[in-house]
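Here is how the chains run, residue by residue.
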Amino acid sequence: LDLFEAIMERRSVRSYQGRPIPVGDLEKLVKAAHWAPSAGNINPRHFVTVTEPKTVEAIKALSPGMFGGPAAVIVLCSDRAKAEKRASSNGYIYSIMDVSMSAQNLLLAAHALEIGACVVRSFHAKAVGSLLGCPEHVVPELLVALGYPQGNLGQGIRPPLEDLSHNERWRQEGSSHE
Ligand SMILES: Cc1cc2nc3c(=O)[nH]c(=O)nc-3n(C[C@H](O)[C@H](O)[C@H](O)COP(=O)(O)O)c2cc1C
């Protein structure tokens, strides 16, 4: 699969077939997440893969932003203790950026394996952390719900790129992009 095509075709998938995802494929997704860039190469992140249906359901019950019945959830966590050891006082912000980079790698890898995925931020992080037995300093930041897509992927919607893309410098209001 061509990378540019994967970037353009990938859509958030919120409706899933019941079929489980092979363990080897879930491991590939975690590996893709792990190999995302990390500020200072500190890697203050952990990945918890959940396939046990009862635990997936319990996570869903704590996640107003999760839809459908995913076959698996990968919980992307920041490690605050590691993040705060950075020289910069913004260590925690960097760790969230690191987790976001991991999430995008994971979404593209899932698309390449024809696995549907949706990143979820609307969930009760503290409750999910204690459900999974995460230590205090490990904070769930994003969930990725996973399952084979039910139905077609939707059309992507984005605002016109011309409104958002600037060449060399910020263009003035009313100026043409040509
Ligand atoms: C930081 C972040 C948080 C998100 N949280 C949720 C969420 O809680 N629930 C959800 O269904 N989608 C969530 N999404 C997915 C977006 O709604 C989705 O990416 C957007 O609508 C564009 O659609 P597309 O991914 O299909 O291109 C989130 C995306 C990002 C980047």
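As a reminder, the structure under discussion sits directly above these lines.
First, a word on what this report is: a plain description of the structure on this page. The residue numbering used here restarts from 1 in each chain and proceeds along that chain's sequence as written. Reporting in this predicted model follows two pLDDT cut-offs: at least 70 for local features of residues, and 80 or more for side-chain atom pairs to be given and counted; totals over whole chains, interfaces and linings ignore these cut-offs and use all residues. Here the side-chain values reflect all heavy atoms present in the structure, with hydrogen atoms and water set aside.

Before going further, it helps to examine the side chain of Arg171. Only DSSP runs of H or I reaching four residues or more are called helices, and only runs of E reaching two or more are called strands; each is numbered from the N terminus. Take Arg171: it is sitting in the segment after strand 4 (138–147). Although Arg171 lies buried, it forms no salt bridge, and the closest oppositely charged side chain, Asp163, sits 4.7 Å away as judged by the N-O distance. Distance and chemistry together define a polar contact, namely a pair of N or O atoms within 3.5 Å, with one atom able to donate a hydrogen and the other to accept it when in protein, and with adjacent residues in sequence counting only for side-chain atoms on both sides. At 2.6 Å, the side chain of Arg171 forms a polar contact with the backbone oxygen of Ser165. Within the local environment of Arg171, its side chain forms a polar contact with the side chain of His166, the two groups lying 3.4 Å apart. Categorising residues by exposure relies on relative accessible area from a 1.4 Å probe, with only protein chains included: less than 20% of the type maximum marks a residue as buried, more than 50% marks it as exposed, and the intermediate range marks it as partly exposed. None of His or the chain ends enter the tally, which takes Lys and Arg as positive and Asp and Glu as negative. Note on definitions: salt bridges are taken to be side-chain nitrogens of Lys or Arg within 4 Å of carboxyl oxygens of Asp or Glu.

This paragraph deals with the sheet that holds strand 3 (residues 116–120). Hydrogen bonds between backbone atoms are what pair the strands of a sheet, whose relative direction is either parallel or antiparallel. Should DSSP find at least two bridges between two strands, the strands are taken to pair. Sheet architecture is open: four strands sit in the order 1-2-4-3, paired in antiparallel fashion. Looking at which strands have only one partner, the edges of the open sheet turn out to be strand 1 (45–50) and strand 3. Sheet twist, expressed as the mean angle between neighbouring strand axes with direction ignored, is 25 degrees. Here eight bridges tie strand 2 (residues 72–79) to strand 4, and the two strands are oriented antiparallel to one another. Residue pairing in the sheet places Val75 in a bridge with Leu143 of strand 4. Contact criterion: two residues are considered in contact whenever any of their non-hydrogen atoms come within 4.5 Å of each other. In this description, a line fitted to the C-alpha atoms serves as the axis of each element, helices being fitted only across the stretch in contact, and the angle between N-to-C directions of two axes falls anywhere from 0 to 180 degrees. Lying on the sheet, helix 2 (residues 23–34) is in contact with strand 1, strand 2 and strand 4; it crosses strand 1 at an angle near 165 degrees. Along the sheet, helix 5 (residues 91–112) contacts strand 1, strand 2, strand 3 and strand 4; its crossing angle with strand 4, the most-contacted strand, is approximately 10 degrees.

As a further point, take a nonpolar patch on the surface. Together, Leu3, Phe4, Ile7 and Met8 give the surface a local cluster of nonpolar side chains, amounting to about 440 Å² of exposed area. Residue position: Phe4 is located in helix 1 (residues 3–9). Nonpolar side chains (Val, Leu, Ile, Met, Phe, Trp, Tyr) within 5 Å and like charges within 9 Å form the patches, drawn only from residues with over 30% relative accessible area and no salt bridge. Per-residue and other accessible areas follow the Shrake-Rupley method at a 1.4 Å probe size, with only the shown protein chains counted as cover for residues.

It is worth spelling out helix 2 at this point. In this model, helix 2 (12 residues) spans 16 Å end to end at C-alpha, consistent with the 16 Å of a helix rising 1.5 Å per residue. Considered for burial, the residues of helix 2 that qualify are Asp25, Leu26, Leu29, Val30, Ala32 and Ala33. With its buried residues spanning 155 degrees around the axis, helix 2 presents them on a single face. Helix 2 presents Val23, Glu27 and Lys31 as exposed residues on the side facing more than 90 degrees away from its buried surface. Expected helix span is computed as 1.5 Å times (number of residues minus one). The arc in question is traced by the directions running from the helix axis to the C-beta atoms.

This part is about the nonpolar core. In plain words, nonpolar cores are sets of buried Ala, Val, Leu, Ile, Met, Phe, Trp, Tyr and Cys residues tied together by side-chain atoms within 4.5 Å. Counting 22 residues, the largest nonpolar core has Ile21, Leu29, Leu76, Leu106 and Leu146 as its most contacted members. Elements with a minimum of two residues in this core: helix 2, strand 2, helix 5 and strand 4. Here this core gets six residues from one element, more than from any other, and that element is helix 5. Residues within four places of Leu76 in sequence aside, it is in contact with His46, Phe47, Val99, Ser102, Ala103, Leu106, Val139, Pro140, Glu141, Leu142 and Val144. Listed in part, the 17 residues of the second largest apolar core include Val56, Val75, Val120 and Leu143.

All right, on to the site of the ligand then. Here a residue is considered near a molecule or strand provided that any single heavy atom belonging to it is located within 4 Å of it. Around the ligand, the neighbouring residues are Arg10, Arg11, Ser12, Arg14, Gly65, Phe67, Cys118, Val119, Val120, Arg121, Ser122 and Arg158. Gly65 is positioned such that a nitrogen or oxygen atom in its backbone is 2.8 Å from a nitrogen atom of the ligand. For the ligand, an oxygen atom lies 3.2 Å from a polar atom in the backbone of Arg121. Compared with its free state, where it exposes 630 Å², the ligand has 60% of that area covered by protein. Charged means Asp, Glu, Lys or Arg here, nonpolar means Ala, Val, Leu, Ile, Met, Phe, Trp, Tyr, Cys or Pro, and polar covers whatever is left, Gly included. Class assignment of the residues belonging to the shell around the ligand gives a composition of four nonpolar, three polar and five charged.

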